Each structure stands twice: as C-alpha cells, then as structure tokens.
Amino acid sequence: MSVAKISPSQVKIGYFIQLPVNWMKHPFLTNKFKVENHEQIAIIQTLDLEFVYFFPDKSSVEISEEAAPAEELAQHASELRYKLEREKNERIEQAKEQRRQLQRTEKAFEQSMVQVRNVMSKIGSRPLQAVDEATGLVNQIADTIINADSLVLHLISQAGKEQESIYFHVLNVSVLSMMLAKNLGMSAEQVKLTGLGALFHDIGKLKIPTQILRKTEPLTAPEANLLKMHTRYGIELLKLTESFPKAAWPVVEQHHEYLDGTGYPLGLKDAEIDAMAKVVAVVNEFDNLCHPVDVTKARSPHHAMSFLFKTMKGKLGASEMGQLIKMMGVYPPGTIVQLSDDRVGLVMSVNSDQLLYPNVLVYDSQIPRLEAPVISLQEGKLSIVKVLKPSALPQAVYEYLNPRAQVSYFIQGNDRK
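Now for a description of the structure that goes with this document. (Residues numbered from 1 in each chain as written. Predicted model: local features only at pLDDT ≥ 70, side-chain atom pairs only at ≥ 80, totals over all residues. Heavy atoms only, no water.)

Some points on the overall build of the protein chain
Using the following cut-off: Under the DSSP-based scheme used, a helix requires at least four consecutive residues in state H or I and a strand at least two consecutive residues in state E, with every element numbered from the N terminus. Three exposure classes are used, based on accessible area relative to the maximum for each residue type with a 1.4 Å probe and protein chains only: buried under 20%, partly exposed in between, and exposed over 50%. In what follows, residue pairs with any heavy atoms lying within 4.5 Å of each other are defined as contacts.
Counting secondary structure elements, the protein chain contains 13 helices and 11 strands. Dimensions along the principal axes, computed over C-alpha positions, put the protein chain at roughly 85 × 50 × 35 Å. Per-residue burial over the protein chain gives 49% buried out of 417 residues. Restricting to contacts in the protein chain with at least 6 residues of sequence separation, those with at least 24 account for 70%.

Written as structure tokens, this is what we have:
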C-alpha cells in the first residue's frame, strides 16, 4: 500500500490519512480515518503538524460543497472539535471501565482456579469435601449464567503453568458448558449438573501416567487404550464420593462418545448419549483444539470453531455446535483481528447481546502496552475486516498483544433488575 507525506493544507474530503501524533493530542477517535467534511480539515490544520500521512489507495476524490465562509467554518469546526473531544473522553472512560471489569473478572477467575486446585487435590483423600466445594463453585457460576440478562465472556490474561493445564481445561469446559446448556434451553438444575459433570469430566486422568498425558508424539496403541480408560477411572473415583449426583455421571463417562458410534468407551450412538454429555463433548473438543498437548498445533479460538464445524458434523450434535458458535460469537475472545481502520487487535470480550461488536485491545506503538486502549466496536463505525493468525504478526505487534498460549474464559453477568 502506497503512502505519502502531505501538508495539512493539502488535505481534501475523501482523503484517507494518518495523523503523526500521539492519540491523546488530537480529538479524533483514531489516528487513521477518512476525511468526511471541511470541519475535520479545519481541525487538522489547527494541530500544528508539519505533515500527515496520505494513503492514495484508500482515498477517493469526492465532489463536495464549497466550504462555508471562514468565520462560519471556524465556528462549525470548534463545535465539532468539542463534540469529538467529548465523545473521545467518553470512550476513554469506557475503556477504563472495561479494564476494571476485566480486572474484576480475572480476580474472580483466579479465586475459582484456587478452588479447582483444592477440589482436585482432595478427590482421593477427602472426596465428600471435594464434591461439596465443587458444587458450591459450580452453583455460584451457574447462578450468574442463569440469572443474567446478558453475559460478557472475557479472555483471561494469566498464562497457565504447564503442570496445571488440566485445571484450566476443566474450569474452561465447565463455564462454557453451563453457558451452552442454558442457551439450549436446559433447566437450572440441568445447567448445574452439566457444570458439575464438566468440572469432573477428566478426573480419571489423575490415574493416567503424566508421561502419557504430556507426550507430544503419537501414542502407541497400548498408551492410547490406557488414556481412553480415563472415562472409566473417572466413574470409579466418583463412586468413592457417594455424594456426587448420579445424574451427572454420564457426563464423565460419555464426553468422548460420538453420534455415529465411533467414540468411546461404549460406542454409543445419538439417542443413547446423555444430553448433558453431548454439551460437554462439544465444548471439550473445542478447548482441546485450542490447547493440544503439542502446543505447536494449537488453533486460535476462531479457527478452532471453524475446524470443529467443518470436520465434526455427524459426530457432534449440530444444535450444540450451532449454539456454541452463536454463544461465542464469530470472533471469540482470543482472536486476532484487523479492523476497518487497518489497526490490529486482540478480542478481549464479547457481550451476548452484541456478538458482532466485541471489545478489542488495539495495538498502538505510541501507547504503553499496559495502557493499550480496549475499544468497543460499534455498528456503522469501527468493524472487523478479517481474522489474522498470530504467526503472521510482526514481532513487536505479537509481543504487544500477547496472544494467549492458554486461552481461558470467565463470565461477567448483567443482573436482572
């Protein structure tokens, strides 16, 4: 794409330009934009700039009305500048509040992770206490999901320790499974049972040797068969607890069953598979695509969703997969995107009421990474043009946006009045 330096006096309506100045030193919402009126030109000419960057390929020569008389134009430009500055300040305050929301959500996530670690450490020695604590955690999250008018799904910034990946995985699967169960119209009791089953769905892996769980090369036939035993081992562990609800057992036993009968451990087919297990199966497959044992094969959330939909038809429930896509949005948190003004960003959160307009952390070399703007996309203004692969980013942009190796999610609800 060609770019030239021109004087502010040369700027015309229809020109796509970039202001070579810190974002805080002008009233516009972005440094890059297409000039739409004479008032914008007048504002640009008051910024004391030696030049602006001009992008001919993105510009258009537009027939416009003659500018108003100088005095009238100055008045209109002043009014527009005031309006832009007010909108920008509102956007800055909105971004600050979004950061505060992210921080609150991350704190709640970390507290939940502590509870998950405690539950997993007690399941063998103190099973009754483990189930009670897990039930309390699931009920708390489920109540937020069930009682909120809308939900904001946040990307969590903490990277997981490799040895704790199972904890991040089960919490992820539990939260997303409860959201999916609600969206599928399940009752509050079923939502909670789904979440509890999902939290324990991989509990049997505690009896599988770690060298098999972490092996990045293809498993041998005996190793693969032993790994498949984790569903049976899980049920054996749950039988020790006595208090774990039997209605949630199928989630632990059947989350690797496929509709066409090619799954395990029983080779069940569509109608034979528990409805809650079908929900957890879809979410489990999605999370495993994002977090394979071999991290070099990890997919971004967007590409994992696309792969799931294209390759698992006939194996996973169509309604469950369709609702997962609706729930997560076209651009799930963790997706790298290019915006309509050419900026690059990382999707941080999506609101269930506005899935096409997520909140995006935007790369800006002039703003420190910890103060990077989190922008709410808006219909008719800023939008997503395409999804980018993290590997395609320049190193500076990659380090700034810090795409997560561990993509964890947590929810924030807008409570009903």
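Some words on the pairing of strand β5 (residues 148-156)
Selection criterion: The rule for pairing is simple: two strands pair if DSSP sees at least two bridges between them.
Most of β5 sits out of view: eight of its nine residues are buried. Where β5 lies against strand β7 (residues 344-351), three bridges are found, and the strand directions are antiparallel. Residue pairing across strands places V152 opposite N351, the latter belonging to β7.

Structural notes on the packing of helix α4 (residues 165-183) against helix α10 (residues 275-290)
Spelled out, the test is: Convention adopted: a line fitted to C-alpha atoms gives each axis, helices being fitted over their contacting stretch, and angles between N-to-C directions are expressed from 0 to 180 degrees. Orientation is classified from the angle alone, with under 35 degrees giving roughly parallel, over 145 giving roughly antiparallel, 65 to 115 giving roughly perpendicular, and any other angle giving oblique. By definition, turning the near helix anticlockwise from the far helix through less than a right angle yields a left-handed crossing, and turning it clockwise yields a right-handed one. Lys, Arg, Asp and Glu make up the charged group, whereas Ala, Val, Leu, Ile, Met, Phe, Trp, Tyr, Cys and Pro make up the nonpolar group; the residues left over, Gly among them, are polar.
Running from N to C, α4 and α10 cross one another at 135°; their axes reach a closest spacing of 9 Å. What the angle tells us is that α4 and α10 run oblique. The two elements α4 and α10 cross, and the hand of that crossing is right-handed. The segment α4 lies against α10, with H169, N172, V173, L176, S177, L180 and A181 engaging V279, V280, V283, N284, F286, D287 and N288. Of the residues assigned to the contact of α4 with α10, the class counts are eight nonpolar, five polar and one charged.

Quick word on the pattern of salt bridges
We count it as follows: Take a side-chain nitrogen of Lys or Arg and a carboxyl oxygen of Asp or Glu: if they are within 4 Å of each other, that pair is a salt bridge.
Tallied over the full model, the rule gives 11 salt bridges. Residue K315 is joined to D260 by a salt bridge in which the shortest nitrogen-to-oxygen separation is 3.1 Å. Taken together, the residues K315 in the loop between α11 (301-311) and α12 (318-328) and D260 in the loop between α9 (249-254) and α10 connect sequence positions 55 residues apart. For R343, the salt bridge is made with D341, and the minimal N-O distance between the two is 2.8 Å. Accessibility classification places R343 together with D341 in one group, the buried group.

Considering the sheet that holds strand β1 (residues 4-6)
In space, the four strands of this open sheet follow the order β1-β4-β2-β3, with antiparallel pairing throughout. Of all the strands in the sheet, the pair left with one neighbour each is β1 and β3 (32-34). The average undirected angle you get between the axes of adjacent strands in this sheet is 35°. The pairing of β1 with strand β4 (residues 52-54) spans three bridges and is classified as antiparallel. Bridged to I6 within β4 is V52.

Here's the deal with the environment of V252
Of note, V252 is situated in helix α9. We classify V252 as buried; its relative accessible area is 0%. The residues contacting V252, other than those within four sequence positions of it, are G197, F200, H201, T231, G234, I235 and L238.

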